[in-house]
Amino acid sequence: MAKEQTKTTKSPATPARDSVQSPAAQGAPSHSVVRATTLGTCDDCRATTAFQAWHSVDLIPSSNVSVSFDDWNIVPKGKRAVIELVTAQIIVPEGEWARLRMYTSLGSVPSNLDLFLTFQGNVGGNAIYEATHSLRAYSDNEIDFDINRDNSSTTGSALICVSGYIAG
């Protein structure tokens, strides 16, 4: 008679962890390591100084409308804002066009960044333009925008959002 064997089948599924020990609870490594996390640091310290701000504005009859983010007090004295994302929606009467420019500065050196608007279609007699830009722009002072339109006698609306982090 053949001897009966006991089989232990392992599941092919990845085991789930019940808990995770913090680096402090694990104690010091017993050997030299090339890379280790030390207490008091973070994986992405930019997140600890992150900012996001927005403005919703009515576009008055004008060829240019300025949108300033000064009232958000984003950039502390002696620091620098790193703007990583700008998203905007501009709504003007059907048949009109719009442009969007962002102004920043480093010291006395200005930066003028033209942001591409994409026509989304006409809804209820209005043309809708959208912009979403992943970028890296710096400012130690101003974060402003200019909405330029081809018709100075009609109204519209705009929403502009910026996000990033503070460095320095």
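This text gives an overview of the structure that appears in the document. (Residues numbered from 1 in each chain as written. Predicted model: local features only at pLDDT ≥ 70, side-chain atom pairs only at ≥ 80, totals over all residues. Heavy atoms only, no water.)

## What to know about the pattern of salt bridges
Close approach of charged atoms allows side chains of opposite charge to pair. One pass over the structure, following the stated rule, counts four salt bridges. Residue E84 is joined to R46 by a salt bridge in which the shortest nitrogen-to-oxygen separation is 3.9 Å. Of the two residues, E84 sits in strand β3 (residues 80–93) while R46 sits in the loop between α1 (23–26) and β1 (50–59), which places them 38 residues apart along the sequence. Since its relative accessible area comes to 36%, R46 is described here as partly exposed. Overlapping salt bridges bring together R46, E84 and R136 as one network. (Salt bridge = Lys/Arg side-chain N within 4 Å of Asp/Glu carboxyl O. Helix = DSSP H or I, 4+ residues; strand = E, 2+ residues; numbered from the N terminus. Buried < 20%, exposed > 50% of the residue type's maximum accessible area, 1.4 Å probe, protein only.)

## So, the sheet that holds strand β2 (residues 64–68)
Note: strands within a sheet are paired through backbone hydrogen bonds, in either parallel or antiparallel orientation. With respect to topology, four strands assemble into an open sheet ordered β2-β8-β4-β5, the strand pairing being antiparallel. This sheet does not close on itself; its edge strands, each paired only once, are β2 and β5 (109–115). Here the average twist between neighbouring strands, direction ignored, is 20 degrees. The pairing of strand β4 (residues 98–106) with strand β8 (residues 143–149) spans seven bridges and is classified as antiparallel. Looking at β8, one finds that Y103 is bridged to D144. (Pairing = 2+ DSSP bridges. Axes fitted to C-alpha atoms, helices over the stretch in contact; angles between N-to-C directions.)

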